[in-house]
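# Close look at the chain arrangement
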Amino acid sequence: MSVVSDRLPAFPWDKLEPYKTTAAAHPDGIVDLSVGTPVDPVPEAVQKALTGAADSPGYPTVWGTPELRDAIVGWAGRRLGARGVTHHHVLPVVGSKELVAWLPTQLGLGPGDRVAFPRLAYPTYEVGARLARADHVAYDDPTELDPAGLKLLWLNSPSNPTGRVLSKEELTRTVAWAREHGVLVLSDECYLELGWDADPVSVLHPDVNGGSHDGIVSVHSLSKRSNLAGYRAAFLAGDPAVLGPLLQIRKHGGMMTPAPSQAAAAAALGDDEHVRVQRERYAARRAALRRALTGHGFRIEHSEAGLYLWATRDESCWDTVAHLADRGVLVAPGDFYGPAGERFVRVAVTATDERVRAAVDRLTA
């Protein structure tokens, strides 16, 4: 076991525990803005779909029910503008983090292969490369990478942690470059329905991919847009030549989304109204926290989409974490997402309205 664990970096969140203790000692309790976990109710229609499928004694299928695949195909056309998507272009997964961590292994990557991801990025991209014993490289502009040995290119728009949105032109240029060099593109688009100051575009949009899904796969999750983090409901959409073999591998591994979660996911993808309501909640919390942070001396960079504010006081991120913890507010240090984040913190907007008001009061006192 130690042989595998030795490949991985230290789990970063453990470093935050002393600051969490400090914040929790505040007389009015902690305001935890460190992890972007949903706190609002699961939509009623989704709960009904889950309970309606509770009597599921048999094994679920890895490929998902026809109803779930129909829902994914319909959503991809309606929301992403994707064209020509069929059941063979989609694949449910057991939450997006599982997929990110194990995809390089499932693709057969190993020593001598390279996995690339943004310089500021979700740490699990690197974890996935390490688990596969592949090399990894961080980039500012993916088209400036050396393509030799590069097998997997992660895009992330909207970005976690920065909230940056890649333009249609940037995506188009990157997809063309990757195809020229035979590099598989995985586009993590889990925050795509949460654009604020920009309208995120998927790599599945024909203006980006020229009407072809060759060499591109997008990753989507229902955790944020539908408050389903506890359901582990996510999916891939894109190149059938990639998803077909992945399906077979995942069948062998028994990587099945539970049947009730599949029914819930189908219901969530078929209902746009709850997404609109949830967006309004997040928009109000984001606006309140942004005003309070800037009034407290912070500068906000990017953050045009997603569930985080990428904030700095032009000091060590750990000094900022300590400063806010003394006020009972816990945030994530930017260096969790790479050395380039060492002077930033990531502030989640996923707390309840009451806790957001508490944070605003503490920052403006």
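Report follows, based on the coordinates.

Conventions adopted
- Residues numbered from 1 in each chain as written.
- Predicted model: local features only at pLDDT ≥ 70, side-chain atom pairs only at ≥ 80, totals over all residues.
- Heavy atoms only, no water.
- Helix = DSSP H or I, 4+ residues; strand = E, 2+ residues; numbered from the N terminus.
- Rg over C-alpha atoms; globule rule 2.2 N^0.38 Å.
- Buried < 20%, exposed > 50% of the residue type's maximum accessible area, 1.4 Å probe, protein only.
- Areas by Shrake-Rupley, 256 points an atom, 1.4 Å probe, with all protein chains shown as cover.
- Lys, Arg positive; Asp, Glu negative; His and termini not counted.
- Charge placed at Lys NZ, Arg CZ, Asp CG, Glu CD.
- Axes fitted to C-alpha atoms, helices over the stretch in contact; angles between N-to-C directions.
- Left-handed = near helix turned anticlockwise from the far one by under 90°.
- Contact = heavy atoms within 4.5 Å.
- Nonpolar A, V, L, I, M, F, W, Y, C, P; charged D, E, K, R; others polar.
- Pairing = 2+ DSSP bridges.
- Salt bridge = Lys/Arg side-chain N within 4 Å of Asp/Glu carboxyl O.

Bringing the overall build of the protein into the picture now. What the protein contains, in helices and strands, is 13 helices and 13 strands. For the protein, the C-alpha radius of gyration of 20 Å lies close to 21 Å, the compact-globule estimate for 365 residues. Principal axes of the C-alpha set define a box for the protein whose edges measure 55 × 50 × 45 Å. Split into buried and exposed, the 365 residues of the protein put 55% on the buried side. When the accessible surface of the protein is totalled, it reaches about 15100 Å², and 54% of it is carbon and sulfur. For the protein, the distance from the average site of its 38 positive side-chain charges to the average site of its 44 negative ones is 2 Å.

What follows concerns the packing of helix 5 (residues 96-106) against helix 6 (residues 124-131). Closest axis-to-axis distance for the helix 5/helix 6 pair is 7 Å, and the angle between their directions is 35°. Pair helix 5 / helix 6 crosses with right-handed handedness. The segment helix 5 lies against helix 6, with K97, V100, A101, W102, P104 and T105 engaging T124, Y125, G128, A129 and L131. When the residues that make up the contact of helix 5 with helix 6 are grouped by side-chain class, the tally is seven nonpolar, three polar and one charged.

Turning to the sheet that holds strand 2 (residues 90-93), a few remarks are in order. Here seven strands make up an open sheet; going across it, the order is 2-8-7-6-5-3-4 and the pairing mixed. In this open sheet, the two strands that pair with only one neighbour each are strand 2 and strand 4 (135-139). Strand-to-strand, the axes of this sheet are offset by a mean angle of 20°, without reference to chain direction. Sheet analysis places strand 5 (residues 150-156) next to strand 6 (residues 184-188), joined by five bridges and oriented parallel. The partner of W154 across the bridge, within strand 6, is L186. Against the sheet, helix 6 contacts strand 3 (114-118), strand 4, strand 5 and strand 6, and its axis sits at roughly 155° relative to strand 4. Contacts from helix 7 (residues 168-180) reach strand 5, strand 6 and strand 7 (216-221) within the one sheet, and its direction differs from that of strand 5 by about 170°.

Judged by pairing direction, the sheet is antiparallel, and its four strands sit side by side in the order 9-10-13-12 without closing on themselves. Either end of the sheet is taken by a strand with one partner, and the two such strands are strand 9 (299-301) and strand 12 (332-333). Inspection of the sheet shows strand 9 paired to strand 10 (residues 308-312) by three bridges, in the antiparallel sense. Across the sheet, residue R299 finds its bridge partner in strand 10, namely T312. Against the sheet, helix 11 (residues 273-295) contacts strand 9, strand 10 and strand 13 (345-348), and its axis sits at roughly 5° relative to strand 10.

What follows is about the pattern of salt bridges. In this structure the tally under the stated criterion is 22 salt bridges. With a closest N to O distance of 2.9 Å, R78 and D272 form a salt bridge. Of this pair, R78 sits in helix 4 (residues 66-80) while D272 is found in the loop between helix 10 (259-269) and helix 11, placing the two residues 194 residues apart along the sequence. The class for D272 is partly exposed, based on a relative accessible area of 39%.

With that settled, consider the pairing of strand 10. Within strand 10, five of the five residues are buried, leaving the element largely enclosed by the surrounding structure. The loop that links strand 9 with its antiparallel partner strand 10 comprises six residues; one of these, H302, has a positive phi angle of about 50°. Pairing of strand 10 with strand 13 involves four bridges; the strand directions are antiparallel. The partner of Y308 across the bridge, within strand 13, is A348.

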